[in-house]
Amino acid sequence: MVAIDDVVFVDGVRTPFGRAGEKGIYWKTRADDLAVKALQGLLERNPQLPQDQIDEVAVAATTQTGDQGLTLGRTVGILAGLPITTPGYAIERMCAGAMTAVTTVAGGVAMGAYDFAIAGGVEHMGHHPMGEGSDPNPRFLAERMVDGDALIMGKTAEKLHDRFPQLTKERSDTFALRSQQKYAEALTRGDIQADLIPVSAYSDEGWRLATADEAPRPETTLEGLAGLKTPFRPHGRVTAGNASGLNDGATMSIIASGKAAKQHGLKPRMRMVSFAFAGVEPDVMGIGPIPSTEKALRKAGLSIDDIGLFELNEAFAVQVLSFTDHFGISDDDPRVNPWGGAIATGHPLASSGVRLMLQLARQFEQRPDVRYGVTAMCVGLGQGGSVIWENPNFKGKRK
């Protein structure tokens, strides 16, 4: 029998997130090159990591074709300069791709199969729009397995407003405004930049260096949000202002056993406590993080009151509010997304799970009074994913 070892998050980085499309900074940059740049940056800032002891590279993408195809974990590892003996694979769980990459390799670490693993994700939504090339089985609709709106994420968000009338457009707009404001405040403090890996990107104007996210709109006002169109339904409540945008970007992390990290002088930034995924009705996929978080809490023997920080992916403001309302958390609770979220930074689908983690890890460093944090997100086609982490810097009283 192999003893279960601690699973730790050693470090994580990301590229700046770009706007998808011809005007975005990464329009002429390959998706796999974004992932390579993120991995190279991660390796450079962790020189103690023995690259010949990396046992796996798991890289997620939602649309696995073209420059996001060909077994990304393996190809990105080779292109980033890892030893040719390092294996790798690709993962697909839509928005929770990078999160699933982390939890999947964590299982290998826990049972002793891996000492070190790389886990991350990439999404170039400019090159690969959501659903590109997909061919949903006609049985889904013909046999009424799912509602027709289930494949259009904005419509699933509108259905959350329908299901929970107390989640008004005004509340969504206010939450979205605070996301932009909190992100701008974090940027001013220098909290965001520490984990960004600059990327050289070519455009018609020549070479540019991407050093900052393109999506944030610090000039946002409630009046401006109130006047935006509702593209998914006439007189609806979901707008481009209270939802994440279409973006390009990549994330990478080092997941390791506590023993291996200590042996090589790598200080863990978080310890994994538990994780869980759950399924819900696809046409209200935004509630997915509720059952996945409840499941993760049960497995950890914790309650929601034990959680001192929440990093929740802001696919839609109403989706986060459905989570916080369920758990009795106020809209302006300072524990929730203290540095803003995807409404400001953007949401390059399969990469976003690790963005949540690296932000939580840095917040842990600043908050020795907090013991536990959660990273959670909704997933297309009706799923949720949650990971509970422990802060190694915790200085408070332990139960």
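Quick note: structure is the one above.
Heads up: these notes are all about the structure in this document. (Residues numbered from 1 in each chain as written. Predicted model: local features only at pLDDT ≥ 70, side-chain atom pairs only at ≥ 80, totals over all residues. Heavy atoms only, no water.)

### A look at empty space enclosed by the protein
(1) Moving on: Applying the stated criterion across every chain yields a total of one cavity of 30 Å³ or more.
(2) Moving on: Roughly 50 Å³ of volume is contained in the largest cavity.
(3) Moving on: Forming the walls of the largest cavity are R14, D191, I192, D195, L196, W339, L358 and Q359.
(4) Moving on: Of the residues assigned to the lining of the largest cavity, the class counts are four nonpolar, one polar and three charged. (1 Å grid on protein atoms, 1.4 Å probe; cavity = no way out; pocket = protein on both sides within 12 Å on 5 of 7 lines; lining within 4 Å. Points joined across faces, edges and corners; volume = space filled by probe spheres on them. Nonpolar A, V, L, I, M, F, W, Y, C, P; charged D, E, K, R; others polar.)

### Observations regarding the environment of A80
(1) Moving on: Residue position: A80 is located in the loop between α2 (72-79) and β4 (88-91).
(2) Moving on: Overall, A80 belongs to the buried group, its relative accessible area being 12%.
(3) Moving on: Considering only alpha carbons, one finds A80 and A38, 42 residues apart in sequence, at a separation of 9.0 Å.
(4) Moving on: Those residues in contact with A80 that sit more than four places away from it in its chain are V36, L39 and Q40. (Helix = DSSP H or I, 4+ residues; strand = E, 2+ residues; numbered from the N terminus. Buried < 20%, exposed > 50% of the residue type's maximum accessible area, 1.4 Å probe, protein only. Contact = heavy atoms within 4.5 Å.)

### Topic: the environment of H127
(1) Moving on: Relative to the helices and strands, H127 is located in the loop between β5 (116-124) and α4 (139-142).
(2) Moving on: Distance in space between the C-alpha atoms of H127 and W27 is 7.5 Å, their sequence separation being 100 residues.
(3) Moving on: For H127, the contacting residues outside a window of four places in its chain are Y26, W27, T29, R30, D67 and E132.
(4) Moving on: Reaching out from H127, the side chain makes a polar contact with the backbone oxygen of W27 at a distance of 2.7 Å. (Polar contact = N/O pair within 3.5 Å; in protein donor to acceptor, adjacent residues only side chain to side chain.)

### Some details on the pairing of strand β1 (residues 7-14)
(1) Moving on: With eight of eight residues buried, β1 lies mostly within the body of the structure.
(2) Moving on: Inspection of the sheet shows β1 paired to strand β8 (residues 247-257) by seven bridges, in the antiparallel sense. The residue bridging V7 from the neighbouring strand is S257, located in β8.
(3) Moving on: Bridge count for β1 against strand β9 (residues 270-279) is two bridges, and the pairing is antiparallel. Paired with F9 across the strands is M270, a residue of β9. (Pairing = 2+ DSSP bridges.)

### Focus on the packing of helix α6 (residues 169-189) against helix α10 (residues 317-326)
(1) Moving on: For the pair α6 and α10, the least separation of the axes is 9 Å and the interaxial angle reads 100°. If you check the angle between α6 and α10, you find them roughly perpendicular. Of α10, the residues touching α6 (which contributes R171, S172 and F175) are A317, V318, V320, L321 and D325. (Axes fitted to C-alpha atoms, helices over the stretch in contact; angles between N-to-C directions. Parallel < 35°, antiparallel > 145°, perpendicular 65-115°, else oblique.)

### Here we look at the pattern of salt bridges
(1) Moving on: Evaluation of the coordinates by the stated rule reveals 29 salt bridges.
(2) Moving on: The partner of D6 in a salt bridge is R271, and the shortest N-O contact between them spans 3.8 Å. Here D6 is found in the segment before β1, whereas its partner R271 is found in strand β9, with 265 residues between them in sequence.
(3) Moving on: Of the residues examined, D6 reaches a relative accessible area of 38% and is grouped as partly exposed.
(4) Moving on: Owing to a relative accessible area of 27%, R271 belongs among the partly exposed residues under this scheme.
(5) Moving on: Within this structure, D11, R45, D195, R269, R362 and E365 form a network of salt bridges that share partners. (Salt bridge = Lys/Arg side-chain N within 4 Å of Asp/Glu carboxyl O.)

### Let's talk about helix α5 (residues 153-163)
Helical geometry note: an α-helix holds 3.6 residues per turn, so side chains three or four residues apart project in the same direction.
(1) Moving on: α5 sits mainly inside the fold: eight of its eleven residues count as buried.
(2) Moving on: Looking at α5, one finds that the buried residues are M153, G154, T156, A157, E158, K159, L160 and H161.
(3) Moving on: The secondary structure elements touched by the buried residues of α5 are α6 and α10.

### Details of α10
(1) Moving on: When you tally the buried positions in α10, you get eight out of ten residues, the bulk of the element.
(2) Moving on: All of the buried residues in α10 are A317, V318, Q319, V320, L321, S322, F323 and T324.
(3) Moving on: Where α10 is buried, its residues touch α5, α6, α9 (289-300), β10 (307-312), α11 (342-345) and β11 (372-379).
(4) Moving on: G328 occupies a position one or two residues after α10 and carries a positive phi of about 70°.

### So, the layout of surface pockets
(1) Moving on: Here the largest pocket is characterised by a volume of approximately 750 Å³.
(2) Moving on: The wall of the largest pocket is formed by 35 residues, among which A240, A243, S244, G245 and L246 lie closest to the centre.
(3) Moving on: Taken together, the elements giving at least two residues each to the lining of the largest pocket come down to α5 and β11.
(4) Moving on: Taken together, the residues of the lining of the largest pocket sort by class into 23 nonpolar, ten polar and two charged.
(5) Moving on: Taken as a whole, the second largest pocket spans an internal volume of roughly 400 Å³.
(6) Moving on: Together, 16 residues line the second largest pocket, and M94, G131, S134, L151 and L381 are the ones closest to its centre.
(7) Moving on: Among the residues making up the lining of the second largest pocket, the classes are represented as ten nonpolar, four polar and two charged.

### Let's talk about the pairing of β11
(1) Moving on: Within β11, eight of the eight residues are buried, which leaves it mostly tucked inside the rest of the structure.
(2) Moving on: Burial along β11 is two-sided: Y372, V374, A376 and C378 facing one way and G373, T375, M377 and V379 facing the other are all buried.
(3) Moving on: Two strands pair when backbone bridges link them, and β10 and β11 are joined in this way by five bridges, in the parallel orientation. Each residue of the ladder has a partner; that of L312, found in β11, is A376.
(4) Moving on: When β11 meets strand β12 (residues 383-390), the two strands line up antiparallel, connected through eight bridges. For V379, the partnering residue across the bridge sits in β12 and is Q383.
(5) Moving on: Linking β11 back to β12 in an antiparallel pair, the connection comprises three residues, with L381 at a positive phi of about 70°.

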